[in-house]
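One letter stands for each residue in the lines below.
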Amino acid sequence: MKITRQKHAKKYISFYKYNFKFRPPFQILIDGTFCQAALKNKIQIKEQMPKYLMGEVQLCTTNCVLKELESLGKELYGAKIILQRFQVRNCAHIKSPVGASQCLLSMIDDNNPHHYFVATQDQDLTASVKRIPGIPLIFIIQNTMVLDKPSPSSTAHVQAVQTGQLVTVQQKQSIQTLKEEQGLVNSTERRGRKRKRKGGPNPLSCLKKKKEDPGAAAAEACWGEEEKETPQEAYRRGRFAGGNHRSD
């Protein structure tokens, strides 16, 4: 039975290595339910996990998972002690912790860029993880750890990639790298930019100047002479304007 279980694990690990670029050391995200089950079944996670996965592992958790265990009381004190021995990875909920399931789902979001395994006994979390392609699941059954077979979403994703319907994240990165090496990215950016055209002369400056009308100029001169006031008119205007005057 142990040999069969080991063969299945080797087969599934090869699937994730080839199709989703998993490499040792394998990073295992662990929640409180998995630690509680390991404690009850007397499973030494730190010793048995590398042997089962046939490679070096990094056991890790998050602050949200630890906070949830603390809030559940003394019944899960043993699980909390086990979990505190593992690495604590930074999550996006440092200021406002969320539930363990929600936190772990956020850690594997966006196509699982850090290639996490998820070790849990939570059925709701398991169902959510199985909907995301490329997430290996580990759980405990009858005193043994079991690596679940690839989910239907994972196998469907691989089939779509093989038939050319999808492009993986790794393939997109490779294509982008090749474009940069060949200088295609820079040339595309240059084509997108519009060249500034040399500015021509101002159209208003090209208009012909209007010829001055001599009759209008003479009329304007006459009008100016008419408006000039005599000294007597200025004196009278000053008096009626309310200015001070002295009596003779």
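As the structure is a prediction and not an experimental result, all values here were calculated from the model.

Colleague: Explain the overall build of the chain to me, please; I cannot follow it from the model alone.
Modeller: On a plain count of helices and strands, the chain comes out with twelve helices and six strands. For the chain, buried positions account for 31% of its 248 residues. In the form shown here, the chain has an accessible surface area of approximately 18,600 Å², with 51% of it arising from carbon and sulfur atoms.

Colleague: When you look at the packing of helix α6 (residues 100-107) against helix α7 (residues 123-130) in this model, what are you seeing that I'm missing?
Modeller: Close contact between α6 and α7 brings their axes to 10 Å; oriented N to C, the two are set at 20 degrees. Between α6 and α7, the interaxial angle falls into the category roughly parallel. Between α6 and α7 the crossing geometry is right-handed. Taken together, the residues of α7 that come into contact with α6 (itself represented by S101, L104 and L105) are L125, S128 and V129.

Colleague: What should I look at first to understand the sheet that holds strand β5 (residues 137-141) in this one?
Modeller: Either a parallel or an antiparallel arrangement is found when strands of a sheet pair, and the pairing is made through backbone hydrogen bonds. Strand order in the open sheet formed by six strands is β3-β2-β1-β4-β5-β6, with mixed pairing between adjacent strands. Edge positions in the sheet fall to β3 (87-89) and β6 (144-147), since each of these pairs with one other strand and no more. Taking the axes of each pair of neighbouring strands and ignoring which way they run, one obtains an average angle of 35 degrees across the sheet. Across four bridges, strand β1 (residues 26-30) lies against strand β4 (residues 116-119) in parallel orientation. Bridge assignment links Q27 to a residue of β4, and that residue is Y116. Running at roughly 35 degrees to β6, helix α1 (residues 2-20) makes contact with β1 and β6 of the sheet. Along the sheet face, helix α2 (residues 32-40) touches β1, β4, β5 and β6 and points at about 30 degrees away from the line of β5.

Colleague: So what exactly am I meant to see when it comes to the pattern of salt bridges here?
Modeller: Pairing of side chains with opposite charge becomes possible as their charged atoms draw close. Applying the stated criterion across every chain yields a total of one salt bridge. K130 is the partner of D148 in a salt bridge, and the nearest nitrogen-oxygen pair spans 3.4 Å. Of this pair, D148 sits in the loop between β6 and α8 (152-162) while K130 sits in helix α7, and the two are 18 residues apart along the sequence. We classify D148 as buried; its relative accessible area is 16%. The partly exposed category is assigned to K130, whose relative accessible area is 36%.

Colleague: I tried to follow α7 on my own but got confused; where do I start?
Modeller: At 3.6 residues per turn, the α-helix brings residues three or four places apart onto the same side. Buried within α7 we find L125, T126 and V129. Angular distribution of buried residues about the axis of α7 spans 100 degrees; they occupy a single face of the element. Set apart from the buried face of α7 by more than 90 degrees, the exposed residues are Q123 and D124. Each element contacted by the buried residues of α7 is listed here: α6, β4 and β5. At the N-terminal end of α7, a side-chain oxygen is found 3.0 Å from the backbone nitrogen of D124, two or three residues along, and the residue is D122.

Colleague: How do you make sense of unusual backbone geometry when you look at a structure like this?
Modeller: Across the chain, the bulk of peptide bonds are trans and the bulk of non-glycine residues have phi less than zero. Cis geometry marks the peptide bond from P24 to P25; its omega dihedral reads 0 degrees. The phi angle at N111 is positive, at roughly 65 degrees, despite the residue not being glycine. As for its position among the elements, N111 is in the loop between α6 and β4. The phi dihedral of N143 is positive, around 65 degrees, even though this residue is not glycine. Turning to its location among the elements, N143 is positioned in the loop between β5 and β6. Under the relative-accessibility criterion, N143 is labelled partly exposed at 48%.

Colleague: What's the story with the state of the cysteines in this structure? I'm lost.
Modeller: In a disulfide, the sulfur atoms of two cysteines are held together by a covalent bond. Counted according to the given criterion, the structure contains zero disulfides. There is no disulfide at C64, and the cysteine sulfur nearest it, in C103, is 3.7 Å away. For C103, a relative accessible area of 0% gives the class buried.

Colleague: What's the story with the pairing of β6 in this structure? I'm lost.
Modeller: For a regular strand, the rule is simple: side chains alternate between the two faces of the sheet. Judged from the four bridges that link them, β5 and β6 form a sheet pairing that is antiparallel. Across the sheet, I141 pairs through a bridge with T144, a residue of β6. Between the antiparallel neighbours β5 and β6 lie two residues, among them Q142 with a positive phi of about 50 degrees.

Calculation criteria
Residues numbered from 1 in each chain as written. Predicted model: local features only at pLDDT ≥ 70, side-chain atom pairs only at ≥ 80, totals over all residues. Heavy atoms only, no water. Helix = DSSP H or I, 4+ residues; strand = E, 2+ residues; numbered from the N terminus. Buried < 20%, exposed > 50% of the residue type's maximum accessible area, 1.4 Å probe, protein only. Areas by Shrake-Rupley, 256 points an atom, 1.4 Å probe, with all protein chains shown as cover. Axes fitted to C-alpha atoms, helices over the stretch in contact; angles between N-to-C directions. Parallel < 35°, antiparallel > 145°, perpendicular 65-115°, else oblique. Left-handed = near helix turned anticlockwise from the far one by under 90°. Contact = heavy atoms within 4.5 Å. Pairing = 2+ DSSP bridges. Salt bridge = Lys/Arg side-chain N within 4 Å of Asp/Glu carboxyl O. Arc of directions from axis to C-beta. Polar contact = N/O pair within 3.5 Å; in protein donor to acceptor, adjacent residues only side chain to side chain. Disulfide = S-S within 2.5 Å.

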